Amino acid sequence: QVQLVESGGGLVQAGGSPRLSCAASGSTISINSMGWYRQVPGKERELVARITRDGTTNYTDYVKGRFTISRDNTKNTVTLQMNSLKPEYTGVYYCNARTYGSIGWAPKDYWGQGTQVTVSS
């Protein structure tokens, strides 16, 4: 089992640069990638950014050059630095952890409770 707790959300002025953090606990040795997803009412949860244990990153196109994901493997934390926010980035941001998978077993996803990020204009 892996537990994830997010922090850093809240009301942000347009142009602000908040930083979201996520702390993992439990069977953290099983975690390969961690990431952040965003969800708005009436839409599916969508990937924002991911980072593997070895530091490989993946960003969705609309945040490239604006957000930066990083992690500390010793502390089992992942952060999302969000820069120059606009109102359209408003949503609930969820922390995700994905375990290692291989032939014979599939990766397993764990989710945090989500943190609201509201960008005011």
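Just above sits the structure.
Only a predicted model underlies this, so the values are computations on that prediction, with no experimental measurement involved.

1. Comments concerning the overall build of the chain
Item 1. Looking only at helices and strands, the chain has zero helices and 11 strands in total.
Item 2. Moving toward the C terminus, one meets the helices and strands of the chain in the order β-β-β-β-β-β-β-β-β-β-β.
Item 3. For 121 residues, the compact-globule estimate of 2.2 N^0.38 gives 14 Å, and the C-alpha radius of gyration of the chain, at 14 Å, lies within 12% of that figure.
Item 4. Principal axes of the C-alpha set define a box for the chain whose edges measure 50 × 30 × 25 Å.
Item 5. A total of 121 residues make up the chain; the buried ones form 39% of that total.
Item 6. A separation of at least 24 residues holds for 55% of the contacts in the chain among residues at least 6 apart in sequence.
Item 7. Entry remark: accessible area of the chain is about 6500 Å², with carbon and sulfur atoms responsible for 50%.
Item 8. In the chain, the 13 positive side-chain charges and the 8 negative ones have mean positions that sit 3 Å from each other.

2. Structural notes on the pattern of salt bridges
Item 1. One pass over the structure, following the stated rule, counts two salt bridges.
Item 2. Between Lys-64 and Asp-61 there is a salt bridge, and its shortest N-O distance comes to 3.1 Å. Exposure class is identical for Lys-64 and Asp-61. Each is exposed.
Item 3. Ionic pairing is found between Arg-98 and Asp-109, a salt bridge with its closest N-O pair at 2.8 Å. Of this pair, Arg-98 sits in strand β9 (residues 91-99) while Asp-109 sits in strand β10 (residues 109-111), placing them 11 residues apart in sequence.
Item 4. Taking relative accessible area as the criterion, Arg-98 reaches 28% and is therefore assigned partly exposed.

What counts and how
- Residues numbered from 1 in each chain as written.
- Predicted model: local features only at pLDDT ≥ 70, side-chain atom pairs only at ≥ 80, totals over all residues.
- Heavy atoms only, no water.
- Helix = DSSP H or I, 4+ residues; strand = E, 2+ residues; numbered from the N terminus.
- Rg over C-alpha atoms; globule rule 2.2 N^0.38 Å.
- Buried < 20%, exposed > 50% of the residue type's maximum accessible area, 1.4 Å probe, protein only.
- Contact = heavy atoms within 4.5 Å.
- Areas by Shrake-Rupley, 256 points an atom, 1.4 Å probe, with all protein chains shown as cover.
- Lys, Arg positive; Asp, Glu negative; His and termini not counted.
- Charge placed at Lys NZ, Arg CZ, Asp CG, Glu CD.
- Salt bridge = Lys/Arg side-chain N within 4 Å of Asp/Glu carboxyl O.

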